[in-house]
Amino acid sequence: LMFGKARTCNIVTVPEHEPSECNIVILGAMGSGKSALTVKFLTKRFISEYDPKLEDTYSSEEVVDQQQVLVKVMDTADQDGPVNCERYLGWANAFIIVYSIDNRSSFEACQQYLETVTLYSKGLQPEAPVILLGNKVDMERYRQVSKADGAALALRFGCLFFEVSACLDFLSVQHIFHEAVREVRRE
Ligand code: GDP
Ligand code: MG
């Protein structure tokens, strides 16, 4: 009986929890490369001069693991740490917190963002994934933050950790954003 039913039924079922949209907010100190990373992800190009005060949200139709998703990226432009967080806390499905590996103070600024975001996210059902991201690995010679320091901070806040460069290959930048989508799907 069950066999007969299965053969005549051609409906493709998509699990209902699979989100077709994913809102990602990029946070971090000025100059850490948030806009460069966002622009690289969206256009495959590295734009070296980007208005540091410009905050905007961009959309891109992506295919992640054979599934379509509309990724929206809010490229923030905070000048003094996590203020007016309401504008993104409720909106975001995932958070990427960026520092520059050649700038110790940008790394220290991440802690405040991690505190704000993880405190908020822990109260959510499902939790919103958080990624700590060390940018500018092409500046290895001027490194001020070791990979171990980045990994330790991520471990402390229970988030993912990557290092990348907005001016090197596109695929490794794309990978970060796609990992955020995968994490959201997993939640
Ligand atoms: P934001 O304030 O976080 O949005 O930072 P921007 O994206 O505007 O970048 C700040 C500066 O760092 C600019 O001069 C960029 O050209 C530069 N920059 C951004 N990403 C990288 C990177 O991966 N490597 C290097 N060498 N410079 C970068
Ligand atoms: Mg910017």
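Keep in mind the model is a prediction, meaning the values are calculated, not measured.

Caption draft 1: Broad picture of helix H6 (residues 170-186). A rise of 1.5 Å per residue sets the reference length of H6, with its 17 residues, at 24 Å; its end C-alpha atoms lie 24 Å apart and thus fit the reference within 8%. For H6, the tally of buried residues reaches 13 of 17 residues, placing the bulk of the element in the interior.

Caption draft 2: The arrangement of the layout of surface pockets in detail. Each pocket or cavity is described by its volume, and for the largest pocket that value is around 420 Å³. Lining the largest pocket are 23 residues, with Gly-31, Ser-32, Gly-33, Lys-34 and Ala-36 sitting closest to its centre. A per-element tally of the lining of the largest pocket places helix H2 (residues 34-43) first, with three residues. Residue composition of the lining of the largest pocket, by class: 10 nonpolar, eight polar and five charged.

Caption draft 3: Focus on the site of ligand 1. What surrounds ligand 1 is a group of 17 residues, the closest being Gly-31, Lys-34, Ala-36, Ser-48 and Asp-138. Lys-34 has a polar side-chain atom sitting 2.7 Å from an oxygen atom of ligand 1. In isolation ligand 1 has 580 Å² of accessible area, and contact with the protein removes 83% of it. According to the grid-proximity analysis, the pocket containing ligand 1 is the largest pocket. Ranked by residues supplied to the shell around ligand 1, first place goes to H2 with three residues.

Caption draft 4: Representation of the pairing of strand E6 (residues 160-163). Judged from the four bridges that link them, strand E5 (residues 130-135) and E6 form a sheet pairing that is parallel. By the bridge assignment for E6, Leu-132 is matched with Phe-161. On the question of chirality, the crossover connecting E5 to the parallel E6 by way of helix H5 (residues 147-157) is right-handed.

Calculation criteria
Residues numbered from 1 in each chain as written. Chains lettered and ligands numbered in written order. Predicted model: local features only at pLDDT ≥ 70, side-chain atom pairs only at ≥ 80, totals over all residues. Heavy atoms only, no water. Helix = DSSP H or I, 4+ residues; strand = E, 2+ residues; numbered from the N terminus. Expected span 1.5 Å × (residues − 1). Buried < 20%, exposed > 50% of the residue type's maximum accessible area, 1.4 Å probe, protein only. 1 Å grid on protein atoms, 1.4 Å probe; cavity = no way out; pocket = protein on both sides within 12 Å on 5 of 7 lines; lining within 4 Å. Points joined across faces, edges and corners; volume = space filled by probe spheres on them. Nonpolar A, V, L, I, M, F, W, Y, C, P; charged D, E, K, R; others polar. Near = heavy atom within 4 Å. Polar contact = N/O pair within 3.5 Å; in protein donor to acceptor, adjacent residues only side chain to side chain. Areas by Shrake-Rupley, 256 points an atom, 1.4 Å probe, with all protein chains shown as cover. Sits in = over half its atoms within 2 Å of the grid points. Pairing = 2+ DSSP bridges. Right-handed = clockwise from strand over helix to strand, strands pointing away.

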